[in-house]
Amino acid sequence: MPDQRPKTRLICPLTASDVPGMCRAADAALAAGADTIEIRLDYLTEPLDDAQLAGLIGHAAAETIVTCRPTSQGGRYDGDESARLSLLRRAAELGADWIDVELTTPPADRPKGATILSHHDFDRCPGDLDRLADELAASEAAVAKLAFAADGPEDALRALDVLRSCDKPAIALAMGEAGLPSRILAAKLAAFGTFAALDRAAGSAPGQPTLDEALNLYRWRELTPRTTVFGVIGCPVAHSMSPAVHNAAFAAAGLDAVYLPLLVQPGEDNFRRFIDALLERPWLGWRGLSVTIPHKENALATVGPGRCDELAVTIGAVNTVTIDPDGSLRGDNTDYAAAIDALCEAMGITRDGLAGRAVAVLGAGGAARALVAALAHYYADVTIYNRTVSRADRLGEEFSCAAAGRDALPGLDAEIVINCTSIGMHPNVDATPLERIPPMVRVVFDTIYNPVDTLLLRRARQAGCTCVTGVDMFVNQAIAQFEVWTDTAAPRDVMRNVVLDKLNARK
Ligand code: NAP
């Protein structure tokens, strides 16, 4: 059966400062996959005559929206109001498909015809959001548009509420990095459209994805009302490789699913507020979350130890939350499993084969904690070496392991060395946590993934050791998440290649 849902337009705003620049941008936007172009007359630095306006509107064989946003609504036009309105009226007469006019414009002054009635708040989510949405919906305009600054991703969900309840075509967007879900999931809610810029510099509002991101990273064309949703919660989160890895995996596995970055400010309250907002909206089809710094402990507290994997509780961190269709949550820690399995795969042993093996863990932070807990669980003979000895001692006491300061490293006596410090990480790539690889060491695992080949690993390889990289660990944890959430075998090579491509691009 053909898909009956209304098409949600991918709208590219044109923000060049002159008419030739606008025409070039329109051509580039259509070539990049935009459905509709928004001509932002307020970005032009010189007034334009009717012939230029007609040329601009007719330039691209595509649907056009003409907007001349005043500064009071976050635009750049600060001239005479009657001249602005007469320009919009002329645009309608000259063939623009849609005219965007602000709710603040008195009804009698609004251009007639196909109008998008809009309201913008660049400071906050309006306290009277529902009333504003009702007013826009009840107006004579064909399309209602609301855009407001997001404080957290729960504000993006409020924008989706507006789309869901509005009984006319609508655009509802939460601006800023935290608002991204409202822009991407607009397609799932059959919005009139969403905005995507030609490139970062050409955006007309904070948080707009680029056309390339919308189409190729988030697979805009494939989103449907049934698309299931996943994401990564972190702060910061923009650098995360997880959206690229998981979206590529969904595409390769042919799954109707999308994965989004979610900027949640530090603090258990902020984490909990977002989870509650998700659970209040089962219609979103949100099924899982990756959790990264600084929220792994908050995830454990929010999900509750009783609903988390036993070792995740021991480690004190949850990096994977699964949301069952009945709204119940489950917490896992795929970091430790990923690290242990990467190690065991390289050594050709099972997890039980770790029992009794001497392992030196360098570092006593979050990564070391996950590794030490798992190694102790499988009865490895662990010694922790850390710069801050008291931290090593505390971790050692908790998991019944030996602990020492870094000054004891020359006496290191272990078969396996695992670096869980950030020594050697980009940009300090000439540093190594271990100056000399002692002869009894047979396996070296560096949890650092940027660079892939650290100085420690290069030296270990020269010494004839088996090497395990941080990429092996990172890819394994993403694979484990994918399989927990989807019950489908993960496309491992696709996921690994995305990570390697991303890391190469960062060099
Ligand atoms: P963390 O909690 O901040 O711990 C950092 C550790 O590094 C501490 O033990 C710290 O010692 C030590 N350290 C930092 N700078 C040092 C220096 N100049 N000299 C000596 N020791 C130093 O960080 P984390 O989250 O555990 O991350 C640690 C490493 O694991 C990072 O390189 C990260 O990339 C890696 N990691 C990889 C993955 C993956 O998927 N591959 C996942 C998570 C983490 P003090 O206690 O003395 O400060």
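Residues numbered from 1 in each chain as written. Predicted model: local features only at pLDDT ≥ 70, side-chain atom pairs only at ≥ 80, totals over all residues. Heavy atoms only, no water.

Trainee: Just to check I follow, could you spell out the site of the ligand for this structure?
Mentor: Residues in close proximity to the ligand total 21 residues, the closest being A364, A367, N386, T388 and R391. Within the contact set of the ligand, an oxygen atom lies 2.9 Å away from a backbone nitrogen or oxygen of G366. G470 has a polar backbone atom sitting 3.0 Å from a nitrogen atom of the ligand. Within the complex, 74% of the 920 Å² of free accessible area of the ligand lies under protein. Every element with two or more residues in the shell around the ligand is listed here: helix 13 (366–377) and helix 16 (470–486). A per-class count over the shell around the ligand returns nine nonpolar, nine polar and three charged. (Near = heavy atom within 4 Å. Polar contact = N/O pair within 3.5 Å; in protein donor to acceptor, adjacent residues only side chain to side chain. Areas by Shrake-Rupley, 256 points an atom, 1.4 Å probe, with all protein chains shown as cover. Helix = DSSP H or I, 4+ residues; strand = E, 2+ residues; numbered from the N terminus. Nonpolar A, V, L, I, M, F, W, Y, C, P; charged D, E, K, R; others polar.)

Trainee: Looking at this model, I keep getting lost on the pattern of salt bridges. Mind explaining?
Mentor: Close approach of charged atoms allows side chains with opposite charge to pair. All chains considered together, the criterion is met by 28 salt bridges. In this structure, R221 engages D35 in a salt bridge whose closest nitrogen and oxygen atoms are separated by 3.2 Å. Here the residue R221 occupies a position in the loop between helix 7 (211–217) and strand 9 (228–234), and D35 occupies one in the loop between helix 1 (19–31) and strand 2 (36–40), the gap between them amounting to 186 residues. A salt bridge links E102 to R84; its shortest N-O distance comes to 2.9 Å. In this pair, E102 sits in strand 4 (residues 98–102) while R84 sits in helix 3 (residues 81–93), placing the two residues 18 residues apart along the sequence. Residue E102 is classed as buried on the basis of its relative accessible area of 0%. (Salt bridge = Lys/Arg side-chain N within 4 Å of Asp/Glu carboxyl O. Buried < 20%, exposed > 50% of the residue type's maximum accessible area, 1.4 Å probe, protein only.)

Trainee: Is there a simple way to explain the nonpolar core in this structure?
Mentor: General note: in soluble globular proteins, nonpolar side chains tend to be found buried as a group. Ranked by size, the top nonpolar core spans 117 residues in total, and within it L41, V66, F274, W286, L289 and M495 carry the most contacts. By residue number, the principal contributor to this core is helix 16, which donates seven residues. When sequence neighbours within four positions are dropped, the list of residues in contact with L41 reads L48, L53, L56, V66, T67, C68 and L87. (Core = buried A, V, L, I, M, F, W, Y, C linked by side-chain atoms within 4.5 Å. Contact = heavy atoms within 4.5 Å.)

Trainee: Sorry, what's going on with the sheet that holds strand 8 (residues 193–195) here?
Mentor: Hydrogen bonding along the main chain pairs the strands of a sheet, whether they run parallel or antiparallel. Pairing within the open sheet is parallel, and its eight strands lie in the order 7-6-5-4-3-2-1-8. One side of each edge strand has no neighbouring strand; the edge strands of this open sheet are strand 7 (170–175) and strand 8. If you compare each strand with its neighbour and ignore which way they point, the axes differ by 25° on average. Two elements, strand 2 and strand 3 (residues 63–67), share five bridges in a ladder whose sense is parallel. Residue pairing for strand 3: I39 is matched across the bridge by V66. Sheet strands touched by helix 5 (residues 153–165): strand 6 (143–149) and strand 7. Its angle to strand 7, the strand with the most contacts, is close to 175°. (Pairing = 2+ DSSP bridges. Axes fitted to C-alpha atoms, helices over the stretch in contact; angles between N-to-C directions.)

Trainee: Honestly, the sheet that holds strand 9 in this entry has me stumped. Any pointers?
Mentor: Spatially, 10-9-11-12-13 is the arrangement adopted by the five strands of the open sheet, whose pairing is mixed. In this open sheet, the two edge strands, each paired with only one partner strand, are strand 10 (257–263) and strand 13 (329–332). The average undirected angle you get between the axes of adjacent strands in this sheet is 20°. As judged from the seven bridges shared by strand 9 and strand 10, these two strands associate in the parallel manner. From the neighbouring strand, V232 faces strand 10, where its bridge partner is P261.

Trainee: Could you clarify how one ought to interpret the packing of helix 9 (residues 268–279) against helix 10 (residues 296–303) in this entry?
Mentor: The packing of two helices is summarised by the inter-axis angle and the distance between the axes. Contact geometry for helix 9 and helix 10: axes closest at 9 Å, N-to-C directions at 55°. By the angle between their directions, the pair helix 9 and helix 10 is classed as oblique. In this structure, the crossing between helix 9 and helix 10 has a hand that is right-handed. On helix 10, the residues touching E268, F271, R272 and I275 of helix 9 are N298, A299, A301 and T302. (Parallel < 35°, antiparallel > 145°, perpendicular 65-115°, else oblique. Left-handed = near helix turned anticlockwise from the far one by under 90°.)

Trainee: Explain the pairing of strand 18 (residues 443–446) to me, please; I cannot follow it from the model alone.
Mentor: Where a strand is regular, its side chains alternate between the two sheet faces. Going residue by residue along strand 18, you find V443 and F445 tucked away on one face and V444 and D446 tucked away on the opposite face as well. Of the pairings in the sheet, the one linking strand 17 (residues 416–419) to strand 18 comprises four bridges and is parallel in character. Following the sheet pairing, I416 is matched in strand 18 by V443. In this structure, strand 18 lies alongside strand 19 (residues 466–468), joined through three bridges in parallel fashion. Note that in strand 19 the partner of V443 across the bridge is T466. In this view, the connection linking strand 18 to its parallel neighbour strand 19 by way of helix 15 (residues 455–462) has right-handed handedness. (Right-handed = clockwise from strand over helix to strand, strands pointing away.)

Trainee: Teacher, can you tell me more about the side chain of T210 here?
Mentor: Note that T210 resides in the loop between strand 8 and helix 7. Excluding its chain neighbours within four sequence positions, the residues that come into contact with T210 are A196, A197, L198, D199 and R200.

Trainee: Would you explain the pairing of strand 13 in this entry?
Mentor: In this sheet, strand 13 lies alongside strand 12 (residues 320–323) in antiparallel orientation, the contact comprising four bridges. Of the residues in strand 13, the one forming a bridge with I323 is L329. Between the antiparallel neighbours strand 12 and strand 13 lie five residues, among them G327 with a positive phi of about 90°.

Trainee: Before we go on, may I ask you to explain the side chain of T15 in this structure?
Mentor: Among the secondary structure elements, T15 is positioned in the loop between strand 1 (9–14) and helix 1. Among the polar contacts listed, one links the side chain of T15 to the backbone oxygen of A202, at a separation of 3.0 Å. Excluding anything up to four places from it in sequence, T15 contacts M22, Y43, A202, G203 and S204.

Trainee: What is the right way to look at the packing of aromatic side chains in this model?
Mentor: The way to describe two aromatic rings as a pair is by their centre distance and the angle between their planes. Per the counting criterion, the structure on display carries seven aromatic pairs. Here F230 and F250 contribute two aromatic rings whose centre-to-centre distance is 5.2 Å and whose plane-to-plane angle is 40°, an arrangement assigned as tilted. On the criterion of sequence distance, the pair formed by F230 in strand 9 and F250 in helix 8 (residues 242–253) is long-range, its members being 20 residues apart. In terms of burial, F230 and F250 fall into one category: buried. With a centroid separation of 6.0 Å and 85° between ring planes, the pair formed by F274 and W286 is classed as edge-to-face. One end of the pair, F274, is in helix 9; the other, W286, is in strand 11 (residues 286–291), and twelve residues separate them in sequence. Members of the aromatic cluster, joined through ring pairs, are F230, F250, Y259, F482 and W485. Taking NZ or CZ as reference, R9 lies 3.9 Å from the ring centre of F192, over its face. (Phe/Tyr/Trp six-rings, centres within 6.5 Å; stacked < 30°, edge-to-face > 60°. Lys NZ or Arg CZ within 6 Å of the ring centre and 35° of its normal.)

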